[in-house]
Amino acid sequence: MELFEQLSSQIKGQGKTLVFPEGEDVRIQGAAIRLAAEELVKPILLGNKAEIEATAAANNFDLSGVQIVDPAEYPADAREKMVDALVERRNGKTDAATASKWLEDVNYFGTMLVYLGVADGMISGATHPTGDTVRPALQIIKTAPGSSRISGAFVMQRDDERYIFADAAINIDIDAQTMAEIAIQSANTAKVFGIDPKVAMLSFSTKGSAKAPQVDKVAEATLLAKTAAPELAIDGELQFDAAFVESVAAAKAPESEVAGHANVFVFPDLQSGNIGYKIAQRLGGFEAIGPVLQGLAKPISDLSRGANEEDVYKVAIITAAQAMA
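Residues numbered from 1 in each chain as written. Predicted model: local features only at pLDDT ≥ 70, side-chain atom pairs only at ≥ 80, totals over all residues. Heavy atoms only, no water.

The chain carries the name Phosphate acetyltransferase in an unreviewed UniProt entry, which gives Weissella fermenti as its organism. UniProt's Pathway (unreviewed entry) comment on the chain is quoted here verbatim: "Metabolic intermediate biosynthesis; acetyl-CoA biosynthesis; acetyl-CoA from acetate: step 2/2." The UniProt entry for the chain carries the following comment under Sequence similarities (unreviewed entry): "Belongs to the phosphate acetyltransferase and butyryltransferase family." (UniProt positions renumbered as here; feature names shortened; annotations may be inferred.)

Pasting the structure below:
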């Protein structure tokens, strides 16, 4: 089954609610109408109600199946509870006046709706830079148990082939502990996309064939990840060919349960991860879906500002699937 058909079948009729802080945007509205009509999610559009309705009218959109929330018109008692919850969540780092000011920002407001359980996830970034989406998520939602930071994975798809590449979006340089966390996060992401994870910790060395601090880091990360998640199939350090090609694996890592069969590839730094996914995309003809943010306690997704309606629609399906996991 095609990826988005598969994910749509999982989330259809499950009543997952997603909040879109950029409700005035035509791309967001078009995607939200489709999602609601297909009963995939219950969308909440945040923003100035008059501007949202003006955009809808200009594009002949019917928003009757979509909830609109104008933060400026939010009931005073509910807003006060939101401020109190934000102050409590910040554990003394933010006072009530600052919290109230933050909630004037639609991304903070939307993130609090997720934190309070009003919504199951949030999608932003069509008109905001990545930091405006990620910052409130880290301050309020925070990382999931076992994760000290977030990372970004790409789903690489070509015909019936499907792989996870990470981290290819967030962390520029990583230590062994972070690489281990990314491996576990990526395995969990793989499961969301119907992949039975076999995780390769990538290096320019296979099982000690080269000696360098960079190799030691990957070997240590592999040990940490296997210790933290012994139920997962994780191995390293592995060169990409040993991880992917059975004949090479037989020669370089014959005792590995991952080598030659890997479908989740964890890169030792952002530079190699970013280069790797773009090579697969541009030379290999793979579709690169993402980045999918990993490691948050609840799903928050960041759009590209160049995203179109179809991108918004697909990211929303992914976010709802993450909320089901």
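Having put the structure on the table, let's press on.
Notes on the overall build of the chain
In terms of regular secondary structure, the chain is built from 13 helices and 11 strands. The globule rule puts the C-alpha radius of gyration for 325 residues at 20 Å, and the 21 Å found for the chain is close to it. Counting only C-alpha atoms and orienting by the principal axes, one finds that the chain spans roughly 65 × 45 × 30 Å. When the 325 residues of the chain are sorted by exposure, 54% land in the buried category. At a minimum sequence separation of 6, the contacts of the chain that also span at least 24 residues come to 72%. For the chain, the computed accessible surface area is about 14,400 Å², with 50% contributed by carbon and sulfur atoms. (Helix = DSSP H or I, 4+ residues; strand = E, 2+ residues; numbered from the N terminus. Rg over C-alpha atoms; globule rule 2.2 N^0.38 Å. Buried < 20%, exposed > 50% of the residue type's maximum accessible area, 1.4 Å probe, protein only. Contact = heavy atoms within 4.5 Å. Areas by Shrake-Rupley, 256 points an atom, 1.4 Å probe, with all protein chains shown as cover.)

Some words on the packing of aromatic side chains
Aromatic rings in a pair are described by how distant their centres are and how their planes are angled relative to each other. Tallied over the entire structure, the rule returns 11 aromatic pairs. Between Phe154 and Tyr277, the aromatic rings sit 3.9 Å apart at their centres with planes inclined by 15°, giving stacked as the arrangement. Separated by 123 residues along the polypeptide, Phe154 in strand β5 (residues 151-158) and Tyr277 in helix α12 (residues 270-282) bring together distant segments of the chain. Both residues of the pair, Phe154 and Tyr277, count as buried. Relative to Phe265, the ring of Phe244 has its centre 6.3 Å away and its plane inclined at 55°; by these criteria the two rings are tilted. Taken together, the positions of Phe244 in helix α10 (residues 240-244) and Phe265 in strand β9 (residues 264-266) put the pair 21 residues apart, joining distant regions of the chain. On the accessibility criterion, Phe244 (33% relative accessible area) is partly exposed. Above the face of the Tyr313 ring, Arg34 is positioned so that its terminal group lies 3.7 Å from the ring centre. (Phe/Tyr/Trp six-rings, centres within 6.5 Å; stacked < 30°, edge-to-face > 60°. Lys NZ or Arg CZ within 6 Å of the ring centre and 35° of its normal.)

A word on the packing of helix α1 (residues 3-11) against helix α13 (residues 309-324)
Running from N to C, α1 and α13 point in directions that differ by 50°, and their axes come no closer than 9 Å. Classified by the angle between their axes, α1 and α13 sit oblique to one another. Crossing angle aside, the handedness with which α1 passes α13 is left-handed. Counted together, Phe4, Leu7, Ser8, Gln10 and Ile11 of α1 and Lys314, Ile317, Ile318, Ala320, Ala321 and Met324 of α13 form the full contact between these two elements. (Axes fitted to C-alpha atoms, helices over the stretch in contact; angles between N-to-C directions. Parallel < 35°, antiparallel > 145°, perpendicular 65-115°, else oblique. Left-handed = near helix turned anticlockwise from the far one by under 90°.)

Describing the sheet that holds strand β3 (residues 67-69)
What the five strands build is an open sheet, ordered β3-β2-β1-β4-β11; its pairing is parallel. At either margin of the open sheet sits one strand with a lone partner, and together these are β3 and β11 (300-302). Shown here is a sheet whose adjacent strand axes are inclined to one another by a mean of 25°, direction ignored. Here three bridges tie strand β2 (residues 42-46) to β3, and the two strands are oriented parallel to one another. For Leu46, the partnering residue across the bridge sits in β3 and is Val69. Sitting on the sheet, helix α7 (residues 130-141) is in contact with β4 (121-124) and β11, with an inclination near 165° to β11. (Pairing = 2+ DSSP bridges.)

Some points on the environment of Thr17
Mapped onto the elements, Thr17 comes out in strand β1 (residues 17-20). Sequence spacing of Thr17 and Ala36 is 19 residues, and the spatial spacing of their C-alpha atoms is 10.0 Å. Those residues within four positions of Thr17 in sequence are excluded, and the remaining contacts are Lys42, Ile44, Val118, Ala119, Asp120 and Gly121.

Here we look at the environment of Ser186
Residue placement: Ser186 occurs in helix α8 (residues 176-192). Using a relative accessible area of 0% as the deciding quantity, one classes Ser186 as buried. In the structure, Ser186 is positioned 34 residues away from Gly152 in sequence and 8.8 Å away in space, judged by C-alpha atoms. Among all residues touching Ser186, those that are not within four sequence positions of it are Ile164, Ala166, Val264 and Gln294.

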